[in-house]
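# Observations on the model geometry
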Amino acid sequence: MTDRPRTTAPHRELAERIRAWREARGWNQQDLASRAGFARSTLSKIENGQLSPTFEILLKVAQGFGCTLSELVRSDAVRLSGRLVVERGTPGAPLDSTGARLWPLGAELRGRPFQAMLVEFSETAPPPLAEWNRHETDDMLHVLSGQLVLQTEGYAPLSLDPGDTVHFDGTMPHSCLSGRAEQPCRCLYVFAAKT
């Protein structure tokens with residue numbers, strides 16, 4: 001999580017949605033925080049725009065609500081009832097996470113067994129092992145530009161170039177880095193919650 005407040009419209013909309021969904025269920029902040037598996041104070045800061053949630057925290061919030069991440073972060077401006085959505089260019093404002101920016105793709109599509117995002121990695125040095133990502137998903141990264149360095153627990157670091165793809169278990173601690181300091185790495189990220 002980042003300690004800087006989020007005041008842009010997409011971040012305010014997300015904070016308001018989390019609060020509205022929680023209140024519609026008759027839950028207090030502790031109820032949702034317990035279901036999601038993190039501290040109530042973290043949820044309070046997110047709802048009040050004092051904290052920018054990481055990708056992992058957003059996954060936990062979605063799990064707490066029993067919905068997909070795409071349903072949680074989708075814009076309320078467009079609601080589609082069909083099974084087709086076209087997005088031209090990079091969609092909307094990104095979600096910021098430690099060392100990465102993520103853009104949800106096709107967030108209006110509901111009921112699909114996977115989620116898709118554009119993700120951009122800019123960090124070139126790995127964080128301490130205790131801060132590596134770990135989430136309850138099966139993951140796929142396809143490199144679009146730059147160079148991806150994927151570090152995982154139990155495997156040697158992998159270097160992937162545009163056109164390369166890696167599939168891995170998201171529960172395994174991992175760190176995604178840009179292999180080039182002068183250029184972020186941009187990937188298509190597809191993931192599915194473990195069943």
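In short, a report on the structure. Just so we're clear, the structure is a prediction, and the values are computed from it rather than from any experiment. (Residues numbered from 1 in each chain as written. Predicted model: local features only at pLDDT ≥ 70, side-chain atom pairs only at ≥ 80, totals over all residues. Heavy atoms only, no water.)

### Some details on the overall build of the protein chain
Note the following rule: The secondary structure listing takes helices from DSSP runs of H or I that are at least 4 residues long and strands from runs of E that are at least 2 residues long, numbered from the N terminus. In this scheme, a residue with accessible area under 20% of its type's maximum is buried, one over 50% is exposed, and one in between is partly exposed, where area comes from a 1.4 Å probe on protein chains only. Note on definitions: a residue-residue contact is assigned when non-hydrogen atoms from the two residues lie within 4.5 Å.
Helix and strand counts for the protein chain come out as 5 helices and 9 strands. Scanning the protein chain from its N terminus toward the C terminus, one meets helices and strands in the order α-α-α-α-α-β-β-β-β-β-β-β-β-β. Here the protein chain holds 195 residues, and 48% of them are scored as buried. Counting only contacts in the protein chain whose residues sit at least 6 apart along the sequence, the fraction spanning at least 24 positions is 65%.

### Quick notes on the packing of helix 2 (residues 29-36) against helix 3 (residues 40-47)
Applied cut-off: In this description, a line fitted to the C-alpha atoms serves as the axis of each element, helices being fitted only across the stretch in contact, and the angle between N-to-C directions of two axes falls anywhere from 0 to 180 degrees. The scheme is simple: roughly parallel for angles under 35 degrees, roughly antiparallel for over 145, roughly perpendicular for 65 to 115, oblique for anything else. The hand of a helix crossing depends on one turn: near helix anticlockwise from the far one by less than a right angle means left-handed, and clockwise means right-handed. Each residue gets one label: Ala, Val, Leu, Ile, Met, Phe, Trp, Tyr, Cys and Pro are nonpolar, Asp, Glu, Lys and Arg are charged, and the others, such as Gly, are polar.
The N-to-C vectors of helix 2 and helix 3 enclose an angle of 115 degrees; their axes lie 8 Å apart at closest approach. Relative to helix 3, helix 2 is oriented roughly perpendicular. In the packing of helix 2 onto helix 3, the handedness of the crossing is right-handed. Here Gln 29, Gln 30, Leu 32 and Ala 33 of helix 2 come into contact with helix 3, specifically with Arg 40, Leu 43, Ser 44 and Glu 47. Split into classes, the residues belonging to the contact of helix 2 with helix 3 amount to 3 nonpolar, 3 polar and 2 charged.

### Re helix 3
Along helix 3, the positions that sit buried rather than exposed are Thr 42, Leu 43, Ser 44, Ile 46 and Glu 47. Just beyond helix 3, the residue with positive phi is Gly 49, at close to 70 degrees.

### With respect to the nonpolar core
Soluble globular proteins tend to bury their nonpolar side chains together. Where we set the bar: Definition of nonpolar core: a set of buried residues of the types Ala, Val, Leu, Ile, Met, Phe, Trp, Tyr and Cys, connected through side-chain atoms within 4.5 Å.
Ranked by internal contacts, the top residues of the largest apolar core, which has 40 residues, are Ile 18, Phe 65, Leu 69, Leu 72, Leu 141 and Leu 148. Among the elements that make up this core, the one with the highest residue count is helix 4 (residues 55-65) (7 residues). Once residues lying within four places of it in the same chain are set aside, the contact partners of Leu 69 are Phe 55, Leu 58, Leu 59, Ala 62, Met 117 and Phe 191.

### Concerning the layout of surface pockets
Counted only if it meets this: Put simply, the grid is 1 Å and covers the protein atoms alone, a cavity is a trapped set of points that fit a 1.4 Å probe, a pocket is an open set with protein on both sides within 12 Å along at least five of seven lines, and lining residues have an atom within 4 Å of a point. Grid points are joined across faces, edges and corners, and a volume is the space filled by probe spheres set on the points.
By volume, the largest pocket amounts to about 580 Å³. Taken together, 31 residues make up the lining of the largest pocket; nearest its centre are Glu 56, Ser 97, Thr 98, Glu 131 and Asn 133. Counting only elements with at least two residues in the lining of the largest pocket, the list comes to helix 4, strand 2 (100-105), strand 3 (115-121), strand 4 (137-145) and strand 8 (174-178). Broken down by element, the lining of the largest pocket gets its largest block of residues, 4 residues, from strand 8. Taken together, the residues of the lining of the largest pocket break down into 18 nonpolar, 8 polar and 5 charged.

### Some points on the packing of aromatic side chains
Note on aromatic pairs: each is described by the distance of the centres and the angle between the planes. Which entries qualify depends on this criterion: Stacked, tilted and edge-to-face are the three classes applied to pairs of Phe, Tyr and Trp rings, where Trp contributes its six-membered ring and a pair requires centres within 6.5 Å; stacked means planes under 30 degrees apart, edge-to-face means over 60, and tilted covers the rest. Consider the ring centre and the ring normal. A charge sits over the ring if Lys NZ or Arg CZ is within 6 Å of that centre and within 35 degrees of that normal.
Going through the model one piece at a time under the given rule, you end up with 5 aromatic pairs. Between Trp 21 and Phe 65 the ring centres are 5.3 Å apart and the planes differ by 80 degrees, which places this aromatic pair in the edge-to-face class. With Trp 21 in helix 1 (residues 9-24) and Phe 65 in helix 4, this residue pair connects regions lying 44 residues apart in the sequence. When sorted by exposure, Trp 21 lands in the same class as Phe 65, which is buried. Their ring planes at 65 degrees and their centres at 5.7 Å tell us that Phe 55 and Tyr 189 sit as a pair that is edge-to-face. You can see Phe 55 sitting in helix 4 and its partner Tyr 189 sitting in strand 9 (residues 185-193), a full 134 residues away along the chain. Overall, the relative accessible area of 6% leaves Phe 55 in the buried class. On the accessibility criterion, Tyr 189 (5% relative accessible area) is buried. Ring pairing ties together the aromatic residues Trp 21, Trp 27 and Phe 65, which thus form one cluster. Here the basic side chain of Arg 25 rests over the ring of Trp 27, its NZ or CZ set 5.7 Å away from the ring centre. Between the NZ or CZ atom of Arg 186 and the centre of the ring of Trp 103, over which it lies, the distance is 4.8 Å.

### Describing the sheet that holds strand 6 (residues 155-160)
To keep it simple, the criterion reads: Any two strands with at least two DSSP-identified bridges between them are counted as paired.
Read from one edge to the other, the open sheet built from 3 strands follows the order 6-5-8, with strand pairing classed as antiparallel. One side of each edge strand has no neighbouring strand; the edge strands of this open sheet are strand 6 and strand 8. For this sheet, the mean inter-axis angle between neighbouring strands, taken without regard to orientation, is 15 degrees.

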